[in-house]
Structure formats: C-alpha cells, structure tokens
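Commentary on secondary and tertiary structure
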Amino acid sequence: MNPSTSTLLASAPPEQHKAYWRRRLSQPPPPPNLPWDHERPPVPSFVRASVSAQIGPGVWQEAQRMAQAAGTTPHVALLAALYALLFRYTGQGDLILGTAVAPSLGEPLQGASGSPELIALRMRVIGAMTARDLLDELAVSLGEATQNLPMASGDVLALPGPQSGSAGHIPFNVALILSEPPISGNGRSWRESAFEAHLRACALVIRAHAAAGGLTLSCDFDSDLLEAPTVRRLAGHFTNLLADIAARPDTNLDHLA
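Remember, it's a predicted structure, so these values are computed and weren't measured experimentally.

Summing up its helical and strand segments, the chain has eight helices and eight strands in all. Residue burial in the chain is summarised as follows: out of 257 residues, 51% are buried. Long-range pairs, those at least 24 residues apart, make up 73% of the contacts in the chain between residues at least 6 apart in sequence. Of the accessible surface of the chain, which amounts to about 10,900 Å², a share of 53% is contributed by carbon and sulfur atoms.

All right, on to unusual backbone geometry then. Residue F46 is not a glycine yet carries a positive backbone phi of 60 degrees. Along the chain, F46 turns up in the loop between α2 (15-25) and β1 (48-55). Notably, A212 is not glycine yet its phi reads approximately 55 degrees, a positive angle. Residue class for A212 comes out exposed when judged on its relative accessible area of 80%.

Right, let's talk about the nonpolar core for a bit. If you look at the biggest cluster of nonpolar residues, it comprises 73 residues, and the most contacted ones within it are L78, L82, Y83, V125, L134, L138 and F238. Top contributing element to this core by residue count: helix α4 (residues 74-90), with 12 residues. Beyond its immediate stretch of four places on either side in the chain, V125 contacts Y83, F87, G93, L95, L134 and L253.

Mean pLDDT over the chain works out to 81, with 75% of the residues at or above the 70 mark. Mean pLDDT across the elements of the chain ranges from a minimum in helix α1 (residues 3-8), with 35, to a maximum in helix α8 (residues 228-247), with 97. In this model residues 109-113 is a low-confidence stretch, pLDDT under 50, and it forms 17 contacts with partners more than four residues away in sequence or in other chains. Between residues 160-168, whose pLDDT stays under 50, and residues either more than four places distant or in other chains, the model counts 27 contacts.

Contact geometry of α4 with helix α5 (residues 131-147) gives a least axis separation of 9 Å together with a crossing angle of 115 degrees. Once α4 is placed against α5, the crossing between them reads as right-handed. The residues of α5 that touch α4, namely those facing H75, V76, A77, L79, A80, Y83 and A84, are L134, L135, L138, A139 and L142. Of the residues in the contact of α4 with α5, the class split is 11 nonpolar, one polar and no charged.

Now for α4. When the terminal C-alpha atoms of α4 are compared, their 24 Å separation across 17 residues agrees well with the 24 Å that a helix rising 1.5 Å per residue should span. By the criterion of burial, α4 is predominantly enclosed, with 13 of the 17 residues buried. Following α4 by one or two positions, G91 has its phi on the positive side, about 75 degrees.

Here α2 has its buried residues at H17, Y20, W21 and L25. Each buried residue of α2 sits inside an arc of 100 degrees when the element is viewed along its axis, so together they form one side. Among the exposed residues of α2, those oriented more than 90 degrees off its buried face are E15, Q16 and R23. One or two positions beyond α2, positive phi appears at Q27, with a value near 45 degrees.

The next point concerns the sheet that holds strand β7 (residues 204-211). Taken in spatial order, the six strands line up as β1-β8-β7-β6-β2-β3 in an open sheet, and their pairing is mixed. A single partner strand is all that each edge strand has here, and the edge strands are β1 and β3 (117-124). On average, adjacent strands in this sheet sit at an angle of 25 degrees to one another, irrespective of strand direction. Pairing analysis gives five bridges linking strand β6 (residues 174-178) to β7, with the strands arranged parallel. By the bridge assignment, L178 is partnered in β7 with A208.

The packing of two helices is summarised by the inter-axis angle and the distance between the axes. The contact between α2 and α5 brings their axes to 10 Å, and the two run at 140 degrees. Taken together, the axes of α2 and α5 are oblique relative to one another. Mapping the contact onto sequence places H17, Y20, W21 and R24 in α2 and S141, E144, A145 and Q147 in α5.

Criteria and thresholds
Residues numbered from 1 in each chain as written. Predicted model: local features only at pLDDT ≥ 70, side-chain atom pairs only at ≥ 80, totals over all residues. Heavy atoms only, no water. Helix = DSSP H or I, 4+ residues; strand = E, 2+ residues; numbered from the N terminus. Buried < 20%, exposed > 50% of the residue type's maximum accessible area, 1.4 Å probe, protein only. Contact = heavy atoms within 4.5 Å. Areas by Shrake-Rupley, 256 points an atom, 1.4 Å probe, with all protein chains shown as cover. Core = buried A, V, L, I, M, F, W, Y, C linked by side-chain atoms within 4.5 Å. pLDDT = per-residue confidence, 0-100. Axes fitted to C-alpha atoms, helices over the stretch in contact; angles between N-to-C directions. Left-handed = near helix turned anticlockwise from the far one by under 90°. Nonpolar A, V, L, I, M, F, W, Y, C, P; charged D, E, K, R; others polar. Expected span 1.5 Å × (residues − 1). Arc of directions from axis to C-beta. Pairing = 2+ DSSP bridges. Parallel < 35°, antiparallel > 145°, perpendicular 65-115°, else oblique.

Right under this line is the structure:
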C-alpha cells in the first residue's frame, strides 16, 4: 500500500459509512466511453494536457438562479450538465463521476475549512427524465454522499476499476471540481492533497472557478487518449447544455440542446 493510500485509510469509519459506499459503488459500471482520439496504449505515458473554456456571466448567473429556484446549488447544476453531456455522448445510463466537496460544508470548495474529499458520485440517467428530475436526484445523492464522507476516498480505492494510477484504482474516468481554495485545512495546497493522484488517473478533469462574473473551465486531460480540439468541443457542448438546463429545466434530457 502506498503512503497516500495508507493516509486515506488510516482512520476506520463507522460501519454505516462503509455500508453506504459498498452499496453505492459495488459492481461499478464501465466509465463513459468518450469519443477517444486514440486507443489506450499498452504502457501509458501519464502525459497531461489542458485547454481552457469560458462560461459567460449570463449563462452562469442564469444557472445559479435556476439552481436556487430548484432548492439546490450551482455545484449540482454543473454536475447535471456533465451527466447530461456524457449520457448524450455515450448512451450509458449508469454513470459514475468524480467530484470534490469540503467535509465541513458538503459544498464545493469555495474557501471552506478542512481538507477536500474526492467522492465517486453514481447516477442513473434516462432520456425521459427532465433536467429538474436530474437536479433533484443529484441533490439527494450529493447530500447522502456528504453525510458519509469518512469512507469516500477509502472505498473508492477498495473497488476494482479500469482506471489505475499511482494511488490505486478508481471507478470513474471523468471528474468535475468546482473552485480551488489555495490552502486546505492541513496547511497544504489543494494541488498537493492526496486525491490529486487519483485525478491524474482520469481521462478528463474539468476544473471550474469563478472569473469576471462567469466561470473559467480548465479541462485537464490524458493526452494518450484525447486531443485538444476534441476536449474543446466537449467543453462547448457542456456549456450549451448548462445554458439549456438553466433556461428549460422542465425539458426532457433527450430534447436539450
């Protein structure tokens, strides 16, 4: 067991937390089959690349208003857009994504105290559900995951999965991280926290942070699998879906832009 794994598993969580994550993440589905530019090489290079995209103030403010009206958070709105995107791209209805929350708040990392927790969030998506349905179900799932945070990272590591890296196996290959505070509760920068090793094993990580009233998306990706133009298209479609979800939350996912 490597040091980062030992740290994550150092404290035994209550049995109810173990039971929750075993139930939610047992027999994980295959990760989303994105439009790869290249076949996975026998020996990965672990070379990463990044492209940036923007969500303008108008779209972001409308998404925040919609989330508030739905009784949820902008974090959930972004997750809904990403689930809708992957469902539209792949047709896969059982999806696990990675995201991060602050233990003290159960919210995206916007100046919260405490080291961030990476969680594996599993959702079942069908085209006939509305964007509002997806938002509601995501809000419940994220709330339950937050209540069971002590087991989150450890249980991810304990599960077999097709994506592997220096920190072990993870059951997802796409993650969304909203906001990046400069310092975590233990005095280390977030980029130095243990779960960064897990994110480096992902094919695509979308990091969103506030900028000039909107959001800047830093899309970090595995250059063995994806090229920059493909990731830019994914980011553009993600932005379009977020805008349409904000404008038409009662529309079926199959009919969103």
